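Fold and geometry: a report
As a plain string of letters, each chain reads:
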Amino acid sequence: MKYVIIGASAAGLAAAESIRKTDKLGTITLITEEDYFPYSRPSISYYLKGKVKESDMLLRKPNFYKTNKIDVVTSTKITAVDREKKIVKAGRKSFSYDKLCLCTGSKPFVPPMENVKGKANALTFLDLAATKEVKRLADSKTRAVVIGAGLIGMKAAEGLAKVCKSVDVVELAPRVLPSILDANSSKQVKKHLEQNGIKFHLEDTVTKAVSKGKQITSVVLKSGKKLPCDLLILAVGVRPQTDLVEKAGLDVERGIITDTKTMLTSDSNIYAAGDCCVSVDMLDNSKKIIALWPNAVQQGTVAGSQMAGGDLTIDGTYSVNAIDFFGLRICTCGLINASGEQYSDKVKKDGDAYKRLIFEGDRLVGFVLINDSTNAGIYTSLISNRVSLDTLESDIMDKPSIFLFDKATRIEKLRGGVQI
């Protein structure tokens, strides 16, 4: 059996490992257009800050691929998928497959801005190559502007604040980290970031850049503000990378459509996993792109198993984030910004600690924890197991204990996420 995987990040590597666990003899070819073996994308912000070396970012040591007979092909961009001949093409090269997995990931979304495209100091912050260039250009004299106050933008801003003269963040939304924080917690995080040297321009956007040759010297905002700029980071967001898939005639609706339990596409020999796929949120059944590392690993693992004849499936997917900014620890999960009469919440503040739990009827469906992750494990268990709050033995905002039943109806008592 010949297996080909396009994309060598979280989903692609997980698929390759899962195939090898099930099929010890099949050939596995892992193809990436990047120049590097699979590495940790979440680590690029730490690389920018100088906290990790490039060699530390590798997800597996080079010998791993040799031992497991996984052929990693770098610096190779796949340009076409011929489903009839069952080959993928990269210029004059081609790779034949019996089973194919598309892990093409996402690409930066760059909004229309005058005089920005093609400038040498206008960069994205999504992969190692771009981050290396950002690191090369940034120094103590650099005045950086980051467009976007989401996860990517804020990690870029945090890293730049360590080395740059100034960092301005421009965000169209009225708050920072709008996809993972509610209004109140966002205010707290914004204040913390400001105390660490980051300046925000909310409900605003960059309309054009002023330049000298290939170098941007300043940017003009919709509000009329003009910001000096030696380095412009484009971090508005990402979009699924689906061009290749659409040309191949597979089903695409914003992202690749799959059987969300098996990750099989509309072609019986092609699977897909990761940021390029549409997921179904188990908490509200909405279709969305969940561009998160754990989700990509889970999908890749299942896709690889299914490709090799295994029986792994996905039971459910939802958003989970654990991140810190300048020592401020943030954990979020589930439906943070749920709206509707069926939802309610509870909030607890204690100094710089913030806790917000979101409920749908008698079930927990989301939480925001800032500087208070004590019960994160038990809250995640409540959400993933869809447990009724009637089973709680104490206050959910304090130290909840719960009885969970496994498949053999054995009772496990959990407190704070730890079996006792």
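Before reading on, note that the structure itself is shown above.
Residues numbered from 1 in each chain as written. Predicted model: local features only at pLDDT ≥ 70, side-chain atom pairs only at ≥ 80, totals over all residues. Heavy atoms only, no water.

**Some details on the packing of aromatic side chains**
Two aromatic rings are characterised by how far apart their centres lie and by the angle between their planes. What counts, and what does not: In summary, the pairing rule links any two rings of Phe, Tyr or Trp, Trp by its six-membered ring, whose centres are within 6.5 Å, and it sorts them by plane angle into stacked for under 30 degrees, edge-to-face for over 60 and tilted for everything else. Whether a residue is buried, partly exposed or exposed follows from its accessible area with a 1.4 Å probe, protein chains only, as a fraction of its type maximum: under 20%, in between, or over 50%, in that order.
A complete count under the given rule lists 4 aromatic pairs for this structure. Note on phenylalanine 64 and tyrosine 65: the rings are 5.3 Å apart at their centroids and 85° apart in plane angle, and the pair reads as edge-to-face. Judged by its relative accessible area of 3%, tyrosine 65 falls in the buried class. Look at phenylalanine 367 and tyrosine 379: their rings are 5.8 Å apart centre to centre, the planes differ by 50°, and that puts the pair in the tilted class.

**Here's the deal with helix H4 (residues 128-137)**
Quick reminder of the rule: Helix numbering and strand numbering both begin at the N terminus, where a helix is a DSSP run of H or I of at least 4 residues and a strand a DSSP run of E of at least 2. Working definition: the arc comes from the directions between the helix axis and the C-beta atoms, pointing outward to the latter. The criterion used for residue contact is that any of the two residues' heavy atoms lie within 4.5 Å. Polar contacts here mean pairs of N or O atoms no more than 3.5 Å apart (in protein, one a potential hydrogen donor and the other a potential acceptor; neighbouring residues in sequence count only if both atoms are side-chain atoms).
When we look at burial in H4, the residues that qualify are Leu128, Ala130, Thr131 and Val134. The arc that holds every buried residue of H4, seen down its axis, measures 155°, which confines them to one face. Buried residues along H4 sit in contact with helix H2 (44-49), strand E9 (122-124), helix H5 (151-161) and strand E16 (231-234). Where H4 begins, the capping side chain belongs to aspartate 127, and its oxygen is found 3.3 Å from the backbone nitrogen of alanine 129.

**Topic: the nonpolar core**
Considering soluble globular proteins, one finds that nonpolar side chains tend to be buried as a cluster. This is how it is decided: Throughout this description, the term nonpolar core refers to a set of buried Ala, Val, Leu, Ile, Met, Phe, Trp, Tyr and Cys residues connected via side-chain atoms within 4.5 Å.
If you look at the biggest cluster of nonpolar residues, it comprises 46 residues, and the most contacted ones within it are Ile5, Val81, Val88, Leu100 and Leu102. Here this core takes 6 residues from helix H1 (residues 10-22), the largest share from any one element. The residues contacting valine 88, other than those within four sequence positions of it, are Val4, Ile6, Ile31, Ile78, Ala80, Val81, Lys93, Ser94, Phe95, Tyr97 and Leu100. Among the nonpolar cores identified, the runner-up in size contains 41 residues, and Phe125, Met154, Phe326 and Ile336 belong to it.

**A short note on the pairing of strand E6 (residues 93-96)**
Convention followed: Here, a strand pair is defined by DSSP locating no fewer than two bridges between the strands.
As judged from the 4 bridges shared by strand E5 (residues 87-90) and E6, these two strands associate in the antiparallel manner. What sits directly across from lysine 89, in E6, is serine 94. Linking two consecutive strands that pair antiparallel, namely E5 and E6, is a turn of 2 residues; a positive phi of about 65° is found at glycine 91 within it.

**Remarks on the side chain of lysine 355**
Tracing the sequence through the fold places lysine 355 in strand E26 (residues 353-360). Separated by 3.2 Å, the side chains of lysine 355 and tyrosine 379 make a polar contact. In this structure the side chain of lysine 355 is engaged in a polar contact, spanning 2.8 Å, whose partner is the backbone oxygen of methionine 397. Beyond its immediate sequence surroundings of up to four residues, lysine 355 is in contact with Lys346, Val347, Lys348, Val368, Leu369, Asp372, Asn375, Tyr379, Met397 and Asp398.

**A few points about helix H6 (residues 183-195)**
Think of an α-helix as 3.6 residues a turn; residues three or four steps apart then line up on the same face. Basically, it comes down to this: Working rule for helices: expected span equals 1.5 Å times residues minus one.
Its 13 residues give H6 an end-to-end C-alpha distance of 19 Å, which sits within 8% of 18 Å, the value for a rise of 1.5 Å per residue. Where the residues of H6 are buried, they touch H5, strand E12 (198-202), strand E23 (320-325), strand E24 (328-334), E26 and strand E27 (363-370).

**Details of the side chain of aspartate 275**
Quick note on the threshold: Under this rule, positive means Lys or Arg and negative means Asp or Glu; His and the chain ends count for nothing. Here, a salt bridge means any Lys or Arg side-chain nitrogen found within 4 Å of an Asp or Glu carboxyl oxygen.
With respect to the helices, strands and loops of the structure, aspartate 275 is situated in the loop between strand E20 (270-272) and strand E21 (279-280). Among buried charged residues, aspartate 275 stands out as having no salt bridge; its nearest opposite-charge side chain is arginine 41, 6.9 Å away. Here the side chain of aspartate 275 touches serine 106 through a polar contact of 3.5 Å, side chain to side chain. If sequence neighbours within four positions are ignored, aspartate 275 has contacts with Gly105, Ser106, Pro240, Ile289, Ile290, Ala291, Leu292 and Ala296.

**Considerations on the sheet that holds E23**
Rules: Only C-alpha atoms enter the line fits that serve as axes; for helices the fit covers just the stretch in contact. Angles between N-to-C directions range over 0 to 180 degrees.
Taken in spatial order, the 5 strands of this open sheet run E23-E24-E27-E26-E25, and their pairing is antiparallel. If you trace the sheet from one side to the other, it starts and ends with E23 and strand E25 (343-350), each paired once. With direction set aside, neighbouring strand axes in the sheet form an average angle of 15°. Across 5 bridges, E24 lies against E27 in antiparallel orientation. In the strand pairing of E27, glycine 334 is matched with glycine 366. Lying on the sheet, H6 is in contact with E23, E24, E26 and E27; it crosses E27 at an angle near 20°. Packing against the sheet, helix H9 (residues 376-384) makes contact with E24, E26 and E27, and its axis sits at approximately 155° to E27.

**Some thoughts on the state of the cysteines**
Threshold: In this description, the term disulfide denotes a pair of cysteine sulfurs within 2.5 Å.
Under the definition given, this model contains 0 disulfides. The thiol of cysteine 276 is unpaired, and the distance to the nearest cysteine sulfur, on cysteine 277, comes to 3.9 Å. Among the residues examined, cysteine 276 registers a relative accessible area of 0% and is labelled buried.

**As for the sheet that holds E12**
Pairing between the strands of a sheet is mediated by backbone hydrogen bonds and can be parallel or antiparallel. On the basis of which strands lie adjacent, the open sheet formed by 5 strands has the order E9-E16-E10-E11-E12 and parallel pairing. The strands lining the two open edges of the sheet, one partner per strand, are E9 and E12. Ignoring strand direction, the axes of neighbouring strands in this sheet form an average angle of 25°. Relative to E16, E9 runs parallel, the two sharing 3 bridges. Bridged to threonine 124 within E16 is leucine 234.

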